[in-house]
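# Results of the structural survey
Chain residues, written in single-letter form:
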Amino acid sequence: MQGRFITFEGIDGAGKSTQIEVIHQAIKARGIEVVRTREPGGTPLSEKIRELLLTESMQPETETLLFFASRAEHIARVIRPAMARGAWVLSDRFTDATYAYQVGGRGFSAEKVEALEEWTHGGFQPDLTVLFDIEPQVAAERLAKARQLDRFEKESLDFFTRVREAYLTRARQYPERFLIINSMRDKDVVSDELRRIFATWG
Ligand code: TYD
């Protein structure tokens with residue numbers, strides 16, 4: 001028995017959390033066990049690392065290493081065991097976020113991230129990555145209304161433009177696993193589309 005690993009990506013303010021809940025319910029309704037998790041985070045230790053990442057300023061090297069440290073725990077303790085018992089794992093972000101934010105956003109070396117990826121999870125990749133795509137300006141307006149911003153969410157529109165572009169480049173590189181969702185539409189329209197897709201996907 002082997003589960004599925006589905007990841008969710010997009011710039012902050014793309015409406016990811018709302019739609020992950022919709023997808024969770026759609027899969028659960030099929031009688032499948034769903035494990036919902038997130039990065040950075042997902043285990044007690046990884047949640048401590050998350051707290052550091054979202055609040056402390058640090059070198060780009062430190063930041064990237066902490067994302068992978070958190071990820072190594074998450075894969076070993078949550079993702080692989082759940083998949084081994086046949087559950088479907090839904091993760092709010094994974095390694096594509098490091099390519100988008102640290103490489104695209106901050107300009108950190110792609111080669112170094114590739115080496116860390118290889119070291120941390122070799123050939124292990126999501127079965128599906130849902131990318132919520134939105135213009136940074138629209139996302140920023142949504143975020144400003146919604147909540148207190150963390151260290152990443154306070155970045156500039158230029159930063160998020162680079163992050164978005166990096167995500168779209170990843171999607172073009174790996175078209176077989178990426179599903180791009182236009183998140184500039186009304187959220188109920190997006191939810192309906194996702195319910196239709198996940199009634200049968202996988
Ligand atoms: P996010 O899921 O957006 O948290 P929340 O919705 O609760 O605010 O993730 C937190 C931030 O971490 C987000 O701004 C993106 C950033 N991030 C990276 O920069 N690199 C990574 O590898 C990951 C997983 C996240």
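Please refer to the structure higher up on the page.
Cut-off values and rules
Residues numbered from 1 in each chain as written. Predicted model: local features only at pLDDT ≥ 70, side-chain atom pairs only at ≥ 80, totals over all residues. Heavy atoms only, no water. Helix = DSSP H or I, 4+ residues; strand = E, 2+ residues; numbered from the N terminus. Expected span 1.5 Å × (residues − 1). Buried < 20%, exposed > 50% of the residue type's maximum accessible area, 1.4 Å probe, protein only. Near = heavy atom within 4 Å. Polar contact = N/O pair within 3.5 Å; in protein donor to acceptor, adjacent residues only side chain to side chain. Areas by Shrake-Rupley, 256 points an atom, 1.4 Å probe, with all protein chains shown as cover. Core = buried A, V, L, I, M, F, W, Y, C linked by side-chain atoms within 4.5 Å. Contact = heavy atoms within 4.5 Å. Pairing = 2+ DSSP bridges. Axes fitted to C-alpha atoms, helices over the stretch in contact; angles between N-to-C directions. Parallel < 35°, antiparallel > 145°, perpendicular 65-115°, else oblique. Left-handed = near helix turned anticlockwise from the far one by under 90°. Nonpolar A, V, L, I, M, F, W, Y, C, P; charged D, E, K, R; others polar.

Between its first and last C-alpha atoms helix H7 (residues 157–173) spans 24 Å; for 17 residues at 1.5 Å apiece the expected length is 24 Å, and the two agree. When H7 is considered as a whole, its buried residues turn out to be Phe159, Phe160, Val163, Arg164, Ala166, Tyr167, Leu168, Arg170 and Ala171.

Near the ligand lie 18 residues; those nearest to it are Asp12, Arg50, Thr98, Gln102 and Phe152. Taking Lys16, its side chain carries an N or O atom lying 3.5 Å from an oxygen atom of the ligand. One of the side-chain nitrogen or oxygen atoms of Gln102 is found 2.8 Å away from a nitrogen atom of the ligand. Alone, the ligand offers 550 Å² of accessible surface; in the complex the protein occludes 92% of this. Counting residues per element, the ones that place at least two in the shell around the ligand are helix H2 (44–55), helix H3 (60–84) and helix H4 (95–105).

A few words now on the nonpolar core. The biggest cluster of nonpolar side chains holds 38 residues, and the ones touching the most others in it are Ile6, Phe8, Ile27, Tyr101, Val130 and Phe198. The element that contributes the greatest number of residues to this core is H7, accounting for seven residues. Not counting residues within four places of it along the chain, the set of residues in contact with Tyr101 comprises Gly10, Ile11, Asp12, Arg93, Arg106, Phe152, Phe159, Phe160, Val163 and Tyr167. Phe5, Ile79, Ala82 and Phe94 belong to the second largest nonpolar core, which has 11 residues in total.

The next subject is the sheet that holds strand E5 (residues 178–182). Pairing in this open sheet of five strands is parallel, and the strands run E2-E3-E1-E4-E5 from one edge to the other. Both edges of this open sheet fall to strand E2 (34–38) and E5, since each of them pairs with a single strand only. Neighbouring strand axes in the sheet, compared pairwise and without regard to direction, differ in orientation by 20 degrees on average. Along the sheet face, H7 touches strand E1 (4–9), strand E4 (128–133) and E5 and points at about 145 degrees away from the line of E4.

This part covers the packing of H2 against H3. As a packed pair, H2 and H3 sit with axes 9 Å apart at the nearest point and diverge in direction by 160 degrees. Between H2 and H3, the interaxial angle falls into the category roughly antiparallel. By crossing handedness, the relation of H2 to H3 is classed as left-handed. Counted together, Leu45, Ser46, Ile49 and Leu53 of H2 and Glu63, Leu66, Phe67, Ala69, Ser70, Glu73 and His74 of H3 form the full contact between these two elements. Tallied by class, residues from the contact of H2 with H3 come to six nonpolar, three polar and two charged.

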